[in-house]
Amino acid sequence: MKLISPQQLTANDKASQYVRDYYNHPHSHYLPNIVTELLLLDTGDEFLPVTINTGEEKIAPGEKNSYVISPLTAFIDYAQVEINALKKSWLTWPISGLIMLIGVALRAAKLDRLIQINNWLLSTNLYPANFLCTGEQKINQLKQFFTASYSNFAFAFRSLNEVSNQNTIAILRNAGFISIPTRQVYLFDASAGEACSFWQKHNTQMDAKALQKMPYRLSLGNEFSPVDFQRCEQLYRLLYIEKYSVLNPQYSAQWLAAGQSNGWLTLIGLRNTAGKLEGVAGFFENHDIVTAPIVGYNTSLPAKEALYRRLTQLCLQRALTKKTLLNFSAGAAKFKRLRGGVPAIEYSMVYVAHLHFYRRWCWQSLGYLLHKIAVPLMQRWQL
């Protein structure tokens, strides 16, 4: 087991190429709100990207490291965004006060001093089907390696849920990792093909008709020009950054082009009659799961254009064609439920047993509070 720096990379697998791409582009243009040290972990069975953060990374003025890197951003800043979105003042004020108090303790505990294994800088990371298949032996090797090399860092696995990663969560829990609830995601199981339950939903069928009869032309990412990739960046920003939150990862045209070129991202767009892209979806997937970290559209067009509905249908059909599970991430909960999305709580599994008592206590307390307060809120208000 070893960490490989970009200068030492020789393999051409997707993870190796991803790490190389990150270092071949200035971060301020490539991923402007993500600052991290990105290395490649060779476990002996697979290569995995690993992010290493001290919590002292320099971000541009007015910016915060995205939640895909910073747990402080995820559990304080983004949590506040989600609570405000409820628009329930009787709930917002007390929860906001609690978040503020918790934030003081978490900053003192240096929560951002963190190593995240298999972190692709995406909203949802995917794990190989045989990940940790050797169970106790593999995870003990990981623990020994990271506690010896980075004794002052917590280390974690992000984007785990009990549907897709039940065995992995159980192995990590037995190895002393603590579970930190992060959000509620929506899953669409297409393993049964057109017999799957979500495909029978009225809204899903209506969206399928809207995709079939539309004034837009499907365009594959391998046909995109540099201008198209710039447009993809713009469309993604319109939805995820300007409509939702600047705390979401800010993916650039260069990042999107590198992903399409090197095979770790598959883009598909909707072109209008003039040939301009008005919507885009990007897939990150393995043999078992499809995710869509990139969705964007021209939000200035009227709702009757049904761009989000059509892009969602593209994602569902991608999973249907492959007969896999679609992890459609968080957000737009009512919309996804109406189309048959099944909610699942997502966790980060964090190892802190080697840390100073106060830092260990803060991580454990955070997990306890999120299980007792955040999870019921997510389930009650269908976040």
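Criteria and cut-off values
- Residues numbered from 1 in each chain as written.
- Predicted model: local features only at pLDDT ≥ 70, side-chain atom pairs only at ≥ 80, totals over all residues.
- Heavy atoms only, no water.
- Helix = DSSP H or I, 4+ residues; strand = E, 2+ residues; numbered from the N terminus.
- Rg over C-alpha atoms; globule rule 2.2 N^0.38 Å.
- Buried < 20%, exposed > 50% of the residue type's maximum accessible area, 1.4 Å probe, protein only.
- Contact = heavy atoms within 4.5 Å.
- Pairing = 2+ DSSP bridges.
- Phe/Tyr/Trp six-rings, centres within 6.5 Å; stacked < 30°, edge-to-face > 60°.
- Lys NZ or Arg CZ within 6 Å of the ring centre and 35° of its normal.
- Axes fitted to C-alpha atoms, helices over the stretch in contact; angles between N-to-C directions.
- 1 Å grid on protein atoms, 1.4 Å probe; cavity = no way out; pocket = protein on both sides within 12 Å on 5 of 7 lines; lining within 4 Å.
- Points joined across faces, edges and corners; volume = space filled by probe spheres on them.
- Nonpolar A, V, L, I, M, F, W, Y, C, P; charged D, E, K, R; others polar.
- Core = buried A, V, L, I, M, F, W, Y, C linked by side-chain atoms within 4.5 Å.
- Salt bridge = Lys/Arg side-chain N within 4 Å of Asp/Glu carboxyl O.

Asks: I'm lost on the overall build of the protein chain in this one. Help?
Replies: What the protein chain contains, in helices and strands, is 12 helices and 12 strands. Computed over the C-alpha atoms, the radius of gyration of the protein chain is 20 Å, within 12% of the 21 Å expected from 2.2 N^0.38 for a compact globule of 383 residues. In terms of its C-alpha atoms, the protein chain occupies a principal-axis envelope of roughly 60 × 55 × 45 Å. Here the protein chain holds 383 residues, and the buried ones make up 56% of them. Partitioning the intrachain contacts of the protein chain with sequence separation of at least 6 by distance along the chain shows that 74% fall at a separation of at least 24.

Asks: Teacher, can you tell me more about the pairing of strand β6 (residues 178-189) here?
Replies: Every other side chain in a regular strand lies on the same face of the sheet, so the side chains alternate between the two faces. Within β6, 10 of the 12 residues are buried, leaving the element largely enclosed by the surrounding structure. Examined bridge by bridge, β6 and strand β11 (residues 325-327) share three bridges and lie antiparallel to one another. Within β11, the position partnered with leucine 187 by the bridge is asparagine 327.

Asks: Teacher, can you tell me more about the packing of aromatic side chains here?
Replies: Each aromatic ring pair is specified by the distance between its two centres and by the angle formed by the two planes. Scanning all chains against the criterion turns up 27 aromatic pairs. Considering the side-chain rings of tyrosine 67 and tyrosine 78, the 5.3 Å spacing of their centres and the 80 degrees angle between planes classify their relative orientation as edge-to-face. In this pair, tyrosine 67 is assigned in the loop between β3 (47-53) and α3 (71-86) and tyrosine 78 in helix α3, connecting sequence segments 11 residues apart. Side by side, tyrosine 67 and tyrosine 78 carry an identical accessibility label, which is buried. An aromatic cluster is built from Tyr127, Phe131, Phe145, Phe146, Tyr150, Phe153, Phe155, Phe157, Phe177 and Tyr351, whose rings are joined through pairwise contacts. One cation-aromatic arrangement involves arginine 113 over phenylalanine 153; the distance from NZ or CZ to the ring centre is 5.4 Å.

Asks: Hey, could you run me through the sheet that holds β6 in this one?
Replies: In space, the 12 strands of this open sheet follow the order β1-β2-β3-β4-β5-β12-β6-β11-β10-β9-β8-β7, with mixed pairing throughout. With partners counted over all chains shown, the strands left at the sheet margins are β1 (2-4) and β7 (217-220), one partner each. Strand-to-strand, the axes of this sheet are offset by a mean angle of 30 degrees, without reference to chain direction. Relative to β11, strand β10 (residues 289-297) runs parallel, the two sharing three bridges. Counterpart to valine 290 in the pairing with β11 is leucine 326.

Asks: Teacher, can you tell me more about empty space enclosed by the protein here?
Replies: Once rolled over the atoms, a probe with the size of a water molecule shows which space is left empty. Throughout the structure, instances matching the rule amount to two cavities of 30 Å³ or more. Size it by volume and the largest cavity reaches roughly 70 Å³. Partitioning the lining of the largest cavity into residue classes produces seven nonpolar, three polar and three charged. Computed from the structure, the second largest cavity encloses a volume of approximately 50 Å³. By residue class, the composition of the lining of the second largest cavity is three nonpolar, seven polar and no charged.

Asks: Explanation requested: the nonpolar core in the structure shown.
Replies: One recurring pattern in soluble globular proteins is that nonpolar side chains are buried together. Counting residues in hydrophobic clusters, the biggest one holds 44 residues, and the most contacted among them are Leu31, Leu121, Trp255, Leu256, Trp264, Leu267 and Ile294. Secondary-structure elements contributing two or more residues to this core are α1 (14-24), β2 (37-42), β6, α8 (226-244), α9 (253-262), β9 (277-285) and β10. For this core, the element with the most residues is α8, which contributes six residues. In this view, isoleucine 294 contacts Tyr236, Tyr251, Trp255, Leu256, Leu265, Leu267, Val280, Ala281 and Gly282; residues no more than four positions away in its chain are not counted.

Asks: Looking at this model, I keep getting lost on the pattern of salt bridges. Mind explaining?
Replies: In a structure, side chains of opposite charge can pair up when their charged atoms sit close to one another. Counted by the stated rule, this structure contains eight salt bridges. Aspartate 207 serves as the salt-bridge partner of arginine 309, at 2.6 Å between the closest nitrogen and oxygen. Of this pair, arginine 309 sits in helix α10 (residues 307-322) while aspartate 207 sits in helix α7 (residues 202-212), and the two are 102 residues apart along the sequence. Overlapping salt bridges, with partners in common, bring together Asp207, Arg309 and Arg339 in one network.

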